[in-house]
Amino acid sequence: GNSVTQMEGPVTLSEEAFLTINCTYTATGYPSLFWYVQYPGEGLQLLLKATKADDKGSNKGFEATYRKETTSFHLEKGSVQVSDSAVYFCALRPRGFQKLVFGTGTRLLVSP
Amino acid sequence: EAGVTQFPSHSVIEKGQTVTLRCDPISGHDNLYWYRRVMGKEIKFLLHFVKESKQDESGMPNNRFLAERTGGTYSTLKVQPAELEDSGVYFCASSQLEGYGETQYFGPGTRLLVL
């Protein structure tokens, strides 16, 4: 079946620290991969995506690379800000389907 | 351009009552999705409309849930009768394209609490 596993949160960092949120997946075929972010009081926003192996998605200083050999799509940012505090969801869209399969979400807390 | 809107933002009801959630997609978006997140767990797919037709309802948990999208515009999700385990956040999303180019735009969600 299709599933996404994310690291447990919360992840607590100081401003300007390096961020990694791990995401691994199980899927038949080659899915598209996504990171969504939910800021407090808001809906889910697409942060970045990758549609094939070795693609790198990037946005707002965040990056993630589609690694087929390790079935991973880890989210990274070199220097986090307080405004990055949010819940981050890793997701996949199985090939041939339109529905998204999400992980459990990882809460990030950044302190000044 | 307005984003996906959902109403109400919060709903508190008693077990056995009926609740109707509404989603207004982005204008012109043919695809409309319902998802829910229960008890801080993963967000799970419920169903997918293309215009007014149900394309995929494989995620609907049982027949207490009824979704409609009359005229291919807004959608409603009715839970009747509500049970305790239905508590959670219900998200709606819409999109215009299919395939690799598709991006699903999400609403803020409706937080449902069944007591």
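Everything in this summary refers to the structure shown in the same document. As the structure is a computational prediction, the values presented were derived from the model and not from experiment.

### What about the pairing of strand β9 (residues 88-95) of chain B?
Residues and elements named next belong to chain B.
Working step 1: Among the eight residues in β9, eight count as buried, and that is most of the element.
Working step 2: Two strands pair when backbone bridges link them, and strand β4 (residues 31-37) and β9 are joined in this way by seven bridges, in the antiparallel orientation. By the bridge assignment for β9, tyrosine 35 is matched with phenylalanine 91.
Working step 3: With two bridges connecting them, β9 and strand β10 (residues 105-106) associate as antiparallel partners. Its bridge partner lying in β10, serine 94 is registered against tyrosine 105.

### Things to note about the interface of chain B and chain A
Working step 1: If you look at the interface, chain B gives 24 residues, while chain A gives 19 residues.
Working step 2: Together chain B and chain A conceal approximately 1800 Å² of surface at their shared face, both sides included; 50% is due to carbon and sulfur atoms.
Working step 3: Among the ionic pairs, A:Arg93 bridges to B:Glu102, the shortest N-O distance being 3.3 Å.
Working step 4: Linking chain B with chain A are eight residue pairs in polar contact (both at pLDDT 80 or more).
Working step 5: For the side of chain B that touches chain A, the secondary structure elements donating two or more residues are β4 and β5 (43-50) of chain B.
Working step 6: No other element matches the four residues that β4(B) contributes to the side of chain B that touches chain A.

### Re the side chain of B:Ser94
Residues and elements named next belong to chain B.
Working step 1: Here serine 94 lies in strand β9.
Working step 2: For serine 94, the side chain forms a polar contact with the side chain of histidine 29, separated by 2.8 Å.
Working step 3: When neighbours within four sequence positions are excluded, serine 94 is seen to be in contact with Val4, Pro25, Ile26, His29, Asn31, Leu32, Thr103, Gln104 and Tyr105.

### Looking at the pairing of strand β5 (residues 32-38) of chain A
Residue and element names in this part refer to chain A.
Working step 1: By the criterion of burial, β5 is predominantly enclosed, with seven of the seven residues buried.
Working step 2: Neither face of β5 is left uncovered, since the one carrying Ser32, Phe34, Tyr36 and Gln38 and the one carrying Leu33, Trp35 and Val37 both have all their residues buried.
Working step 3: Across seven bridges, β5 lies against strand β10 (residues 86-93) in antiparallel orientation. Residue pairing in the sheet places serine 32 in a bridge with arginine 93 of β10.
Working step 4: Bridge count between β5 and strand β6 (residues 44-50): six bridges; the pairing is antiparallel.

About the thresholds
- Residues numbered from 1 in each chain as written.
- Chains lettered and ligands numbered in written order.
- Predicted model: local features only at pLDDT ≥ 70, side-chain atom pairs only at ≥ 80, totals over all residues.
- Heavy atoms only, no water.
- Buried < 20%, exposed > 50% of the residue type's maximum accessible area, 1.4 Å probe, protein only.
- Helix = DSSP H or I, 4+ residues; strand = E, 2+ residues; numbered from the N terminus.
- Pairing = 2+ DSSP bridges.
- Contact = heavy atoms within 4.5 Å.
- Buried area = accessible area lost by both parts, 1.4 Å probe.
- Salt bridge = Lys/Arg side-chain N within 4 Å of Asp/Glu carboxyl O.
- Polar contact = N/O pair within 3.5 Å; in protein donor to acceptor, adjacent residues only side chain to side chain.

Nothing here speaks to function; it is geometry throughout.
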